[in-house]
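# Coordinates in review
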Amino acid sequence: MATNSGDPYPLVQVEHYERYVGAEVVERILEKARPLQDLRVAHVNSTYYGGGVAEMLSPLTLLMNSVGMATEWRAIQGPPDFFNITKKMHNALQGADIHLTSMKATIYEEVVFENAVRNRLDHDRVVIHDPQPLPIVRHSRKRGPWIWRCHVDLSNPEPSLWAYLKPFVEQYDATVLSIPEYARELSIPQVFFMPAIDPFSIKNREMNESEIEERLQHHRIPTDLPLVVQVSRFDRWKDPEGVVAAWRLARQETPCTLVLLGNMASDDPEGQKVYEQVMRHKDERLIVLSREDTSLVNALQRRAAVVVQKSLREGFGLTVAEAMWKGTPVIGGNVGGIRHQLEDGHNGFLVDSVDQCAQRIVQVLRNPKLRHQLGHHAHETVRRRFLLTRYLEQYLDLFNAFEARYHLRPLPHLTT
Ligand code: UDP
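Residues numbered from 1 in each chain as written. Predicted model: local features only at pLDDT ≥ 70, side-chain atom pairs only at ≥ 80, totals over all residues. Heavy atoms only, no water.

## Some words on the UniProt feature "domain: Trehalose synthase N-terminal" (unreviewed entry) in the protein chain
Rules: UniProt positions are given in the numbering used here, feature names are shortened, and annotations may be inferred rather than shown by experiment. Each helix is a run of H or I in the DSSP string that is no shorter than four residues. Each strand is a run of E no shorter than two, and both are numbered from the N terminus.
As annotated in UniProt, the feature "domain: Trehalose synthase N-terminal" (unreviewed entry) corresponds to residues 43–183 in the numbering used here. In residues 43–183, helix accounts for 40% and strand for 16%; the two terminal C-alpha atoms are 22 Å from one another.

Here it is, written out as structure tokens:
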């Protein structure tokens, strides 16, 4: 069902992006969507809430419908044991150790099989996100190409886990990774799309000063000193301890308040433990919040003098793109996808250590002109490269590129 302006609750249409990306890009996207009218598409991941994948699937699946593809979104379910195993897999794909016993592998495969039974995936294009539902491909009768979209940093996976997962991956017809550095040796085509943000969402749309002030006051966040902010799931890869250490060094040079805002995803069982660890640092100048308030994320990213995303691994940082869109300078860990988002010294800073992070915080806080310049370039970077229209267009190219059902033609090169 293509959506249109007569719908009772008008959805964002590609045309709404014209003011950011120009009429030519909008026309090109609509042109590419034409051969795909009424194509049945399914996206499958493991949570409807929390983390970047759910954040993106929410607007992306609507936008795909708006250009005429019948696009659905399913999240697989499972008991806590399943998500404990898949979180360990997620960590191990990013290089951590894992001891995958045959019992754990059986639980993983059984739960995925149950989800295959519940979800009849007979769509023309099926996109499976991340390792949690990966083996589902084994149990479904393909009616069209299946794509594995992996969002994690795959540059250095734990070898035994990768050896176990690779045969599942090779049953797909293509895989999408965020950046070329994540490419693996695989028998299937690999293509690279970086994620993107929705500028119309509650999280990213404009807020005026009084709306920002209201949100911050509501959550009792002091605004008398400049704010250093990190917004992240409570996850050790986001290095909250490193952020606290960097802020402690920085505040010896220049007064500032640190705000760590985090949430938990239903597919991430480690969040509570990390949250409790971080809470131990709390004081009147170190605010730790776990709140489900999207406008607060928006307000903090806008009001921050600097946003930090000091990740140790990061497939791609949506939080980085969100803050950049708001014209706020970002200091990011020099890892994974963040390296493709931030150009050191131009639209933000990349750091390799706590000390470096502290130095950059001080430099940015002390220099309003630098803040303004970095923020300006950051916004422009996101406008050109990280809005959802670019991501949608890459999916359209991919869907169009399958000929003879499963054979992938080379994709057009989109400048990103
Ligand atoms: N997020 C949020 N509230 C929080 C923490 C995070 O809404 O308290 C959102 C954040 O704004 C971003 C997403 O969760 O949209 C996280 O995506 P990212 O790619 O940065 O990291 P991931 O969690 O996927 O590793």
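Alright, that's what it looks like, and here's the rest.
## Comments concerning the sheet that holds strand 11 (residues 330–333)
Rules: The criterion for strand pairing is that DSSP finds at least two bridges linking the strands in question. The angle between two axes is taken between their N-to-C directions and runs from 0 to 180 degrees, where each axis is a line fitted to C-alpha atoms and a helix contributes only its stretch in contact.
Pairing in this open sheet of six strands is parallel, and the strands run 9-8-7-10-11-12 from one edge to the other. Only two strands of the sheet have a single neighbouring strand rather than two, namely strand 9 (286–290) and strand 12 (349–351). Ignoring which end each strand starts from, the neighbouring axes of this sheet average 20° apart. Of the strand pairs in this sheet, strand 10 (residues 306–309) and strand 11 are connected by three bridges, and their pairing is parallel.

## Regarding the packing of helix 2 (residues 23–33) against helix 15 (residues 388–401)
Spelled out, the test is: The labels follow the angle: roughly parallel below 35 degrees, roughly antiparallel above 145, roughly perpendicular from 65 to 115, and oblique for the rest. Take the far helix as your reference; a near helix turned counterclockwise from it by less than a right angle gives a left-handed crossing, and one turned clockwise gives a right-handed crossing. Note on contacts: a residue pair is in contact if any heavy atoms of the two residues lie within 4.5 Å. Throughout this entry, Asp, Glu, Lys and Arg are counted as charged residues, while Ala, Val, Leu, Ile, Met, Phe, Trp, Tyr, Cys and Pro are counted as nonpolar. The remaining residues, Gly among them, count as polar.
Two elements in contact, helix 2 and helix 15, have axes separated by 9 Å at closest approach and are oriented at 30°. In terms of their interaxial angle, helix 2 and helix 15 are classed as roughly parallel. The element helix 2 and its partner helix 15 pack so that their crossing is left-handed. For the pair formed by helix 2 and helix 15, the contact residues are V25, R28, I29, K32 and A33 on the first element and T389, L392, E393, L396, D397 and N400 on the second. Considered class by class, the residues forming the contact of helix 2 with helix 15 number five nonpolar, two polar and four charged.

## Considering the site of the ligand
Which entries qualify depends on this criterion: A molecule or strand has a residue near it when one of that residue's heavy atoms lies within 4 Å. Under this definition, polar contacts are N or O atom pairs within 3.5 Å; protein pairs additionally need one hydrogen-donor-capable and one acceptor-capable atom, and for neighbouring residues in sequence, both atoms have to be side-chain atoms. For the area figures, the Shrake-Rupley method with a 1.4 Å probe applies, and any residue is considered shielded solely by the protein chains shown.
Close contacts around the ligand come from 18 residues, with G52, K203, R233, K238 and E322 the closest. G262 is positioned with one of its backbone polar atoms (N or O) 3.3 Å from an oxygen atom of the ligand. Here N263 contributes a backbone N or O atom positioned 3.2 Å from an oxygen atom of the ligand. Taking 550 Å² as the accessible area of the ligand by itself, protein coverage stands at 91%. Sorting the residues of the shell around the ligand by element identifies helix 3 (52–66), strand 8 (257–262) and helix 11 (318–325) as the ones contributing at least two each. A per-element tally of the shell around the ligand places helix 11 first, with three residues. Residues of the shell around the ligand, tallied by class, amount to five nonpolar, seven polar and six charged.

## Some words on helix 3
Residues that lie three or four places apart on an α-helix share one face, since the helix turns once every 3.6 residues. The line we're drawing: The span expected for a helix works out to 1.5 Å for each residue beyond the first. Accessible area is worked out with a 1.4 Å probe on protein chains only. A residue is then buried under 20% of its type maximum, exposed over 50%, and partly exposed in between.
If you check helix 3, its first and last C-alpha atoms are 22 Å apart, about what 15 residues at 1.5 Å a residue would give, namely 21 Å. Burial analysis of helix 3 places 11 of its 15 residues in the buried class, which makes it a mostly covered element. Within helix 3, the full set of buried residues consists of V53, A54, M56, L57, P59, L60, T61, L63, M64, N65 and S66. On the buried face of helix 3, the contacting elements are strand 1 (40–45), strand 2 (70–75), strand 3 (125–129), helix 11 and helix 15. Backbone geometry just downstream of helix 3 places G68 in the positive-phi region, at approximately 105°.

## Focus on the side chain of D293
By the secondary structure assignment, D293 is in the loop between strand 9 and helix 10 (294–303). Given the relative accessible area of 14%, D293 is considered buried. Apart from residues lying up to four places away in sequence, D293 is in contact with R215 and H219.

## Some thoughts on the environment of R143
Tracing the backbone shows R143 in the loop between strand 3 and strand 4 (146–149). For R143, a relative accessible area of 48% gives the class partly exposed.

## Some points on the packing of aromatic side chains
Spelled out, the test is: We call Phe, Tyr and Trp rings a pair once their centres come within 6.5 Å, taking the six-membered ring for Trp, and we label the pair stacked below 30 degrees between planes, edge-to-face above 60, and tilted otherwise.
One pass over the full model with this rule turns up 15 aromatic pairs. Here F193 and Y395 contribute two aromatic rings whose centre-to-centre distance is 5.5 Å and whose plane-to-plane angle is 85°, an arrangement assigned as edge-to-face. Here F193, found in the loop between strand 6 (190–192) and helix 7 (209–218), pairs with Y395, found in helix 15; they are 202 residues apart in sequence, far enough to count as distant. Residue F193 shares its accessibility class with Y395, and that shared class is buried. Following the ring pairs from residue to residue traces out a cluster consisting of F82, F83, Y108, Y164 and F168.

## A word on unusual backbone geometry
Positive phi outside glycine occurs at D38, with the angle close to 65°. Although it is not a glycine, D130 adopts a positive phi angle of roughly 70°. For D130, the location among the structural elements is in the loop between strand 3 and strand 4. According to the relative accessible area criterion, D130 is buried, its value standing at 8%.

## Comments concerning the UniProt feature "domain: Glycosyl transferase family" (unreviewed entry) in the protein chain
In the numbering adopted here, UniProt assigns the feature "domain: Glycosyl transferase family" (unreviewed entry) to residues 213–379. Helix makes up 44% of residues 213–379 and strand 16%, with an end-to-end C-alpha separation of 22 Å.

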